[in-house]
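# Secondary and tertiary structure notes
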Amino acid sequence: MELRRYSLREDEIPRQWYNILADINLNPPLGPDGNPINPDQLAPVFPMNLIEQEVSTERWIDIPEDVLTVLNLWRPSPLVRALNLEKALDTPARIYYKNESVSPPGSHKPNTAVPQAYYNKVFGIKRMTTETGAGQWGSALSFACAQYGLDCKIYMVRVSFDQKPYRKFMMAAWGGNCIPSPSRETRAGRAALEKDPDTPGSLGIAISEAIEEAVADETGRTRYSLGSVLNHVLLHQTIIGLEAKKQMALAGDYPDIIIGCAGGGSNFAGLSFPFVQDKINGRQIEIYPVEPTGCPTLTKAPFVYDHGDTARYTPLLPMHSLGHSFVPPAFHSGGLRYHGMAPTVSQLVDEGLFTPKSVKQSQVFEAGILLARTEGIIPAPETTHALATVIDEARKAKEEGKEKVILFNWSGHGLLDLTAYDAYLSGQIKDIILSEADIKECEKIYADFPKPRHLTHK
Ligand SMILES: Cc1ncc(COP(=O)(O)O)c(C=O)c1O
């Protein structure tokens, strides 16, 4: 019998995160005056212990014991050989996935929500604010805040709020307060509504609202939390790839190809960063971040300096960007509707170590259905972007007669995304492709900002 699942014992959970900033160079974030910001400027937004992680270049960072005990509620997550999918595709490829859908909220997001809530608690913070697209991140932070006794307020992008009402109930069950964004509660929200009262909302707008509320608290006991993009967020997610490395060794395999969907870059980076070190040291691995053709940040947008949010509250970040005021079309993968990308992921794309891909909506739902019917789990619409690329690569391996080893991240389940599946199964999903003219229009948004340098790894 061929083995399907490779599991680690609870006490085999990694005890340190891998910090890629020890191995690569990054352009610094810039303040409003065009100069690199200093960490103190971020203090009204994040607690200092997380800011220290954001700028650290230590290769290994200890995971606190009080974080491990919460992560152990579901971690280490299983590494699964997708034997049924391999059979359905009749491919010589061996396909493995890291199943991050097994967490309480249903995705990889609590891997960082838990340490973020912990560090806020230790710093004396009482209340956290955040944005959410798909609802997975808002759920994850609500869950994490419940573990450490913190209040949590979530601005959920309007189109997703309307598409999946059960996410709000899930957040409420953990004590989180979720409202649609843009809202009338903040200046940024009111400005967005004045511009377009029927706007579907965007992650950029929701981030502005959550930051504005955090810094407005005069008691100093509220901080903002971001679910992707930033260095410390991606650092926390490396637990996925560190576990996967041990589990691939148990399976006696090593990946030729690593695939993850990319919205802000966190699940993709979490799986791939621990393997980047090997690639830098000469190992042959293809690493593919996958995004929707309707929000093609890495595949079509240039590497520039831009703000992470619409109201321009964040510093200028070096990243691929469609422009901070760009409102992505209202397709079903809310977690991939972000105008920017993590600076670390952008840097590695610019350097040629990652090869980004984009896929159409019809293709991703077809892949999601095939995976649901073979491997059993109904994938989150975001995850299906990775799946479409996995299927392409497995078919290519068959055509070429090569035994490729493919590793991908099953970033979440889609049990609260069933309206998207209903739309697909009843023929209502349309492909959305941003044209070259649309991209040229976006480029005007950051035309006057400084440009990042092209750097190489250490
Ligand atoms: C299940 C799932 N996968 C992927 C993403 C994309 O985010 P990231 O690129 O940070 O992993 C999201 C975001 O909400 C998500 O919910």
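Just so we're clear, the structure is a prediction, and the values are computed from it rather than from any experiment. (Residues numbered from 1 in each chain as written. Predicted model: local features only at pLDDT ≥ 70, side-chain atom pairs only at ≥ 80, totals over all residues.)

### Regarding the environment of Thr-299
Formally: Runs of H or I in DSSP of at least four residues are treated as helices and runs of E of at least two as strands, each being numbered from the N terminus. Any residue with 12 or fewer other C-beta atoms within 10 Å of its own C-beta is exposed, any with 20 or more is buried, and the rest are partly exposed; the C-beta atoms used are placed from the backbone. The contact rule is simple: place each C-beta atom from the backbone, and if two of them lie within 7 Å, those residues are in contact.
Relative to the elements of secondary structure, Thr-299 occurs in helix H12 (residues 297-300). The exposure class of Thr-299 is partly exposed, given the 19 C-beta atoms found within 10 Å. Note: C-alpha distance between Thr-299 and Val-349 (50 residues apart in sequence) is 9.4 Å. Here Thr-299 is in contact with Glu-291, Pro-356, Lys-357 and Ser-358, once residues within four sequence places are set aside.

### Regarding the sheet that holds strand S1 (residues 5-6)
This is how the line gets drawn: At least two DSSP bridges between two strands are required for those strands to pair. Geometry is summarised by axes, namely lines fitted to C-alpha atoms with helices restricted to the contacting stretch, and by angles between N-to-C directions that run from 0 to 180 degrees.
A sheet is described by the order of its strands in space; here seven strands give the open sequence S1-S4-S5-S15-S10-S11-S14, paired in mixed fashion. Looking at strand neighbours, the two that pair on one side only are S1 and strand S14 (357-359), the edges of this open sheet. Where strand S10 (residues 257-261) lies against strand S11 (residues 286-292), five bridges are found, and the strand directions are parallel. Along S11, the bridge assignment pairs Ile-257 with Glu-286. Helix-sheet contacts for helix H11 (residues 266-280) involve strand S5 (94-99), S10, S11 and strand S15 (405-410), and the interaxial angle to S10 is about 155 degrees.

### Concerning the pairing of strand S12 (residues 303-307)
The element S12 is largely enclosed, with a buried count of five among its five residues. Pairing between S12 and strand S13 (residues 316-320): five bridges, direction antiparallel. For Val-304, the partnering residue across the bridge sits in S13 and is Met-319.

### Here's the deal with the domain arrangement of the protein
Filter applied, for reference: By convention here, the domain bounds are inherited from an automatic or database domain assignment.
The domain architecture assigned to the protein consists of domain 1 (5-9 + 74-106 + 238-446) and domain 2 (18-63 + 108-224). Measuring from the centre of the C-alpha atoms in domain 1 to the corresponding centre in domain 2 gives 22 Å. Counting residues at the interface gives 48 residues for domain 1 and 41 residues for domain 2. Contributing elements (two or more residues each) for the side of domain 1 that touches domain 2: helix H10 (231-251), H11, S13 and helix H13 (343-350). Of all the elements, H11 adds the most residues to the side of domain 1 that touches domain 2, at eight residues.

### Overview of H11
As a reminder, the rule being used: The span expected for a helix works out to 1.5 Å for each residue beyond the first. Bend angle per residue: angle between axes fitted to the 7 residues ending at that residue and the 7 residues starting there.
Along its 15 residues, H11 runs 20 Å from first to last C-alpha, staying within 8% of the 21 Å computed at 1.5 Å per residue. The principal kink in H11, of about 45 degrees, is found at Phe-273, preceding the proline Pro-274 by one to four residues. Buried residues dominate H11, accounting for eleven of its 15 residues. Burial in H11 covers these residues: Ser-266, Asn-267, Phe-268, Ala-269, Gly-270, Leu-271, Ser-272, Phe-273, Pro-274, Phe-275 and Val-276. Positive backbone phi, approximately 105 degrees, marks Gly-282, located one or two places after H11.

### Considering the site of the ligand
As a reminder, the rule being used: Contact assignment follows one rule, namely that a residue is near a molecule or strand if its backbone-placed C-beta atom lies within 6 Å of it. Put simply, Ala, Val, Leu, Ile, Met, Phe, Trp, Tyr, Cys and Pro go in the nonpolar bin, Asp, Glu, Lys and Arg in the charged bin, and everything else, Gly too, in the polar bin.
Neighbouring the ligand are 21 residues; Gln-136, Ser-228, Gly-263, Gly-335 and Gly-412 lie closest to it. Put simply, the parts of the chain that give the shell around the ligand at least two residues each are helix H5 (136-148) and H11. No other element matches the three residues that H11 contributes to the shell around the ligand. When the residues that make up the shell around the ligand are grouped by side-chain class, the tally is seven nonpolar, 13 polar and one charged.

### Structural notes on the nonpolar core
Note the cut-off: A set of buried Ala, Val, Leu, Ile, Met, Phe, Trp, Tyr and Cys residues, joined to one another through C-beta atoms within 7 Å, is what we call a nonpolar core.
Counting 122 residues, the largest nonpolar core has Ala-117, Leu-141, Ile-259, Val-345, Val-390 and Ile-406 as its most contacted members. Sorting elements by how many residues they give to this core places H10 first, with eight residues. Both domain 1 (5-9 + 74-106 + 238-446) and domain 2 (18-63 + 108-224) contribute no fewer than three residues apiece to this core. The contacts of Val-345, once residues within four sequence positions are left out, are Ala-262, Gly-265, Phe-268, Ala-269, Pro-289 and Phe-354.

### Things to note about unusual backbone geometry
Omega for the peptide link from Arg-75 to Pro-76 comes to -10 degrees, which places this bond in the cis form. In this structure, Pro-182 follows Ser-181 across a cis peptide bond, with omega equal to 5 degrees. A positive phi is found at Val-229, a non-glycine position, where the angle reads about 70 degrees. Topologically, Val-229 is positioned in the loop between strand S9 (222-224) and H10. In this structure Val-229 comes out as buried when scored by C-beta crowding, with 26 C-beta atoms within 10 Å. Even without a glycine there, the phi angle at Arg-312 is positive, about 65 degrees.

### Overview of the sheet that holds S9
What links the strands of a sheet is backbone hydrogen bonding, and the strands pair in either a parallel or an antiparallel sense. Strand order in this open sheet of four strands is S8-S7-S6-S9, and the pairing throughout is parallel. Every interior strand has two partners, whereas the edge strands, strand S8 (177-181) and S9, have only one. Ignoring which end each strand starts from, the neighbouring axes of this sheet average 20 degrees apart. Its contacts with the sheet put helix H9 (residues 203-216) on strand S6 (127-132), strand S7 (151-157), S8 and S9, and the angle it makes with S6 is roughly 170 degrees.

### Focus on the packing of helix H1 (residues 48-55) against H10
Quick reminder of the rule: Any angle that falls under 35 degrees is termed roughly parallel, while one over 145 is termed roughly antiparallel, one within 65 to 115 roughly perpendicular, and all others oblique.
Between H1 and H10, the least distance of the axes is 8 Å, while the angle of their chain directions is 80 degrees. Here H1 lies roughly perpendicular to H10, going by the angle between them. Between H1 and H10, the contacting residues are Leu-50, Gln-53 and Glu-54 on the first element and Asn-231, His-232 and Leu-235 on the second. Classifying every residue of the contact of H1 with H10 by side-chain character gives two nonpolar, three polar and one charged.

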